[in-house]
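Reading the structure
Below, each chain spelled out in residue letters.
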Amino acid sequence: MTAAATTPKGERRRAELIEAAASLLAEGGFDAVRHRAVAERAGLPLASTTYYFDSLDELVTAAVEHHAKVELETGRQRLDELATRNRGVEATVDLVLDMLLGPLRPDREADAEAVLLRYERLVGTGRRPYLRPLMRTLSAQLYELLHEIFARSGTPVDAVELERLVALVDGAVVNALIEVDPEPRAAAARMLQSALAPVRGASR
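The paragraphs below set out a description of the structure included in this document. (Residues numbered from 1 in each chain as written. Predicted model: local features only at pLDDT ≥ 70, side-chain atom pairs only at ≥ 80, totals over all residues. Heavy atoms only, no water.)

Comments concerning the overall build of the protein
Each helix and strand counted, the protein has 9 helices and 0 strands in total. When the helices and strands of the protein are placed in sequence order, the string is α-α-α-α-α-α-α-α-α. Expressed as lengths along the three principal axes of its C-alpha atoms, the size of the protein is roughly 60 × 35 × 30 Å. Within the protein, the proportion of its 204 residues that are buried is 42%. Considering only residue pairs separated by 6 or more positions, the protein has 65% of its internal contacts joining residues 24 or more positions apart. Carbon and sulfur atoms form 54% of the exposed surface of the protein, whose accessible area is close to 10,900 Å². Distance between charge centroids for the protein: 2 Å, based on 26 positive and 31 negative side chains. (Helix = DSSP H or I, 4+ residues; strand = E, 2+ residues; numbered from the N terminus. Buried < 20%, exposed > 50% of the residue type's maximum accessible area, 1.4 Å probe, protein only. Contact = heavy atoms within 4.5 Å. Areas by Shrake-Rupley, 256 points an atom, 1.4 Å probe, with all protein chains shown as cover. Lys, Arg positive; Asp, Glu negative; His and termini not counted. Charge placed at Lys NZ, Arg CZ, Asp CG, Glu CD.)

Set out below in structure tokens:
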């Protein structure tokens, strides 16, 4: 982070650029995060991106972190609602899938496209070594939240079982995307619900 971002104005503008980059990342993946596009989305001069960030890699890293933290906070808020309202399997599956696939879009095609972009983005992090430390941290935070979701939903799972469930979701989604299934989220939901049935029964 540059020294320019330590003033109140600098912090505000830096935050605006990060939010703009995060929205572009979610909409179009890593290729969408470019200096000009970020500056235009934030409504700031083009030079502001290099003024407040030492490199595009630093801006992308900040955008990935911001996007993930917003999703994690949303998940925690929904978990609080889940614990006090509906602890059924369907509600649990919906929340878990929102954490793994992103929030549900009302339009089926738009949701499938968003899921595809999300997986492309996740795969793309493997080609960006500078993101690996952050992704390990974010992954640990996500798994911690997933553990809590299952526990407070009456379906506690251990680390091995959680890893298996996430792998099942990933496999169902990738297979649906390969087959051009218009509803990859629905395919993942069916797989997860089927896997949770014996787990939930054993916990009672």
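On we go from here.
Remarks on helix α1 (residues 8–28)
Helix length check: α1, at 21 residues, gives a terminal C-alpha distance of 30 Å against a target of 30 Å (1.5 Å per residue), a fit within 8%. For α1, the complete set of buried residues consists of G10, R14, L17, I18, A20, A21, A22, L24 and L25. One or two steps after α1, the chain reaches G29, where phi turns positive at roughly 80°. (Expected span 1.5 Å × (residues − 1).)

Any functional reading would require information beyond the geometric quantities listed.
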